[in-house]
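Structure at a glance
One letter stands for each residue in the lines below.
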Amino acid sequence: MAKAVVVRAVGGPEVLELAEVEPPSPGPGDLLVDVRAAGVNYIDTYHRRGHYPRDLPFTPGNEGAGVVREAGPDVTDVAVGDHVAWADVPGSYAQQAVVPARKAFPVPDGLDDEVAAAAMLQGLTAHYLVTSTYPVKPGDTVLVHAVAGGVGLLLVQAARSRGGRVIGTVSTAAKEQVCREVGTDEVIRYTETDFAEETRRLTGGAGVNAVYDGVGKDTFDGSLASLAPRGTLALFGASSGPVPPVDPQRLNAAGSVFLTRPTLAHHIATPEEFRWRCEELFSAISGGRITVRIGARYPLADARKAHEDLEGRRTTGKLLLIP
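Residues numbered from 1 in each chain as written. Predicted model: local features only at pLDDT ≥ 70, side-chain atom pairs only at ≥ 80, totals over all residues. Heavy atoms only, no water.

Another point: the packing of aromatic side chains. Scanning the entire structure with this criterion turns up 3 aromatic pairs. Ring geometry for Tyr42 versus Tyr46: centroids 6.3 Å apart, planes at 40°, classification tilted. Taken as a pair, Tyr42 and Tyr46 lie in helix α1 (residues 42-49) at a separation of 4 residues, close to a single helical turn. Judged by its relative accessible area of 10%, Tyr46 is buried. When the ring of Phe105 is compared with that of Phe282, the centres are 5.6 Å apart and the planes differ by 5°; the resulting orientation is stacked. Highlighted residues: Phe105 in strand β7 (residues 104-106) and Phe282 in helix α8 (residues 271-286), separated in sequence by 177 residues. (Phe/Tyr/Trp six-rings, centres within 6.5 Å; stacked < 30°, edge-to-face > 60°. Helix = DSSP H or I, 4+ residues; strand = E, 2+ residues; numbered from the N terminus. Buried < 20%, exposed > 50% of the residue type's maximum accessible area, 1.4 Å probe, protein only.)

Another aspect to go through is the packing of α1 against helix α9 (residues 303-311). Their axes nearest at 10 Å, the elements α1 and α9 cross at an angle of 110°. One element, α1, and the other, α9, form an angle in the roughly perpendicular class. The two elements α1 and α9 meet at a crossing, and its hand is left-handed. Of α9, the residues touching α1 (which contributes Tyr42, Asp44, Thr45, Arg48 and Arg49) are His307, Leu310 and Glu311. Grouping the amino acids of the contact of α1 with α9 by side-chain chemistry returns 2 nonpolar, 2 polar and 4 charged. (Axes fitted to C-alpha atoms, helices over the stretch in contact; angles between N-to-C directions. Parallel < 35°, antiparallel > 145°, perpendicular 65-115°, else oblique. Left-handed = near helix turned anticlockwise from the far one by under 90°. Contact = heavy atoms within 4.5 Å. Nonpolar A, V, L, I, M, F, W, Y, C, P; charged D, E, K, R; others polar.)

This part is about helix α5 (residues 195-202). An α-helical segment advances 3.6 residues per turn. Residues three or four places apart therefore align on the same side. Among all positions in α5, only Phe195, Ala196, Glu198, Thr199 and Leu202 are buried. The buried residues of α5 all sit within an arc of 165° when viewed along its axis, so they share a single face. Across α5 from its buried face, at more than 90 degrees, point the exposed residues Glu197 and Arg201. Where α5 is buried, its residues touch β8 (141-144), β9 (165-170), β10 (186-189), β11 (208-213) and α6 (220-225). (Arc of directions from axis to C-beta.)

Looking now at the side chain of Asp309. With respect to the helices, strands and loops of the structure, Asp309 is situated in helix α9. Of the residues examined, Asp309 reaches a relative accessible area of 9% and is grouped as buried. The contacts of Asp309, once residues within four sequence positions are left out, are Tyr298, Arg314 and Thr315.

On to the pattern of salt bridges, then. The tally for this structure, following the rule as stated, stands at 21 salt bridges. A salt bridge links Arg49 to Glu311; the shortest N-O distance between them is 3.1 Å. One end of the pair, Arg49, is in helix α1; the other, Glu311, is in helix α9, and 262 residues separate them in sequence. With relative accessibility at 37%, the residue Arg49 sits in the partly exposed group. For the salt bridge of Glu273 with Arg277, the shortest nitrogen-to-oxygen distance reads 2.7 Å. Of the two residues, Glu273 and Arg277 are both situated in helix α8; the distance of 4 residues between them amounts to about one turn of the helix. What makes Arg277 buried here is its relative accessible area of 0%. (Salt bridge = Lys/Arg side-chain N within 4 Å of Asp/Glu carboxyl O.)

Another aspect to go through is the environment of Gly139. Along the chain, the position of Gly139 falls in the loop between α2 (113-133) and β8. For Gly139, a relative accessible area of 67% corresponds to the exposed category. Sequence spacing of Gly139 and Asn209 is 70 residues, and the spatial spacing of their C-alpha atoms is 9.7 Å.

In this section: the nonpolar core. Among the nonpolar cores identified, the biggest contains 52 residues, and Met120, Leu124, Val142, Leu155, Tyr212, Phe282 and Ile285 are the most heavily contacted of them. Of all the elements, α2 adds the most residues to this core, at 11 residues. Residues contacting Val142, with those up to four places away along its chain left out, are Val136, Ala159, Arg165, Val166, Ile167, Val208, Ala210 and Tyr212. Membership of the second largest hydrophobic core comes to 28 residues, among which are Trp86, Val89, Ala97 and Ala104. (Core = buried A, V, L, I, M, F, W, Y, C linked by side-chain atoms within 4.5 Å.)

Structural data, given as structure tokens:
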């Protein structure tokens, strides 16, 4: 038997149960991987609560890294013993996971499995946001919410590597220090200051070219008010809750701005695009242009605590489960 975290009924963190399960078997085109590290992400809490419904029971987790134990039929370019990382693959909170070979990327030599696992979902998210959703260019100023979180820290580095100036929002002095360490140009403590007014002040009244907002309900109105005319609001998450329906006329009133709700799956939909994004991401990490901060590691049995810490905003950087 193998151990995995199982959700039998949707709800709070208490529904995360460590259980013994039948070891999975790879089908055609699949890999069976011994999981060395699994990433913890906000989307996992949406699945757990039933906001993004999945058939019950299920094992949460959408990313990880580990060592290939077995290759299924029709797999020709991955061998037993290879180290691979993956994203957008359900069932990663486990000792063993089945990963489609087309969604597995080889962990580069010299890169730790934990760093690879920590980089996948959030790193690829940061990549598509600054290259595709709103391509940051030299001279741009962008606003990043929850900048001390896993995506936020990577977004800062990705945007600055493309010549952008980054304004970030945080809740505490400790989180401010963390995001300054990765080069955030300006930091706003939203618990003390109206971030939209401060963003306007920091941009001389012009507003920002783009807002990358993974918070949602609590920040949406201020994000809209922070944009320059024809700016882009990329609403890529909803950690504070979903945004209520929006009258499109508000986009006109805000300056003919653009609103988009992107997701990673649509930006790694083909093997070619997945590989391109992974190659650029891991090249930046290996070259020292992007640093991955692992904020905490938890044993598989403590998945509940990991979710409690994440939702309680008690964390910085990436959270990992170590089977």
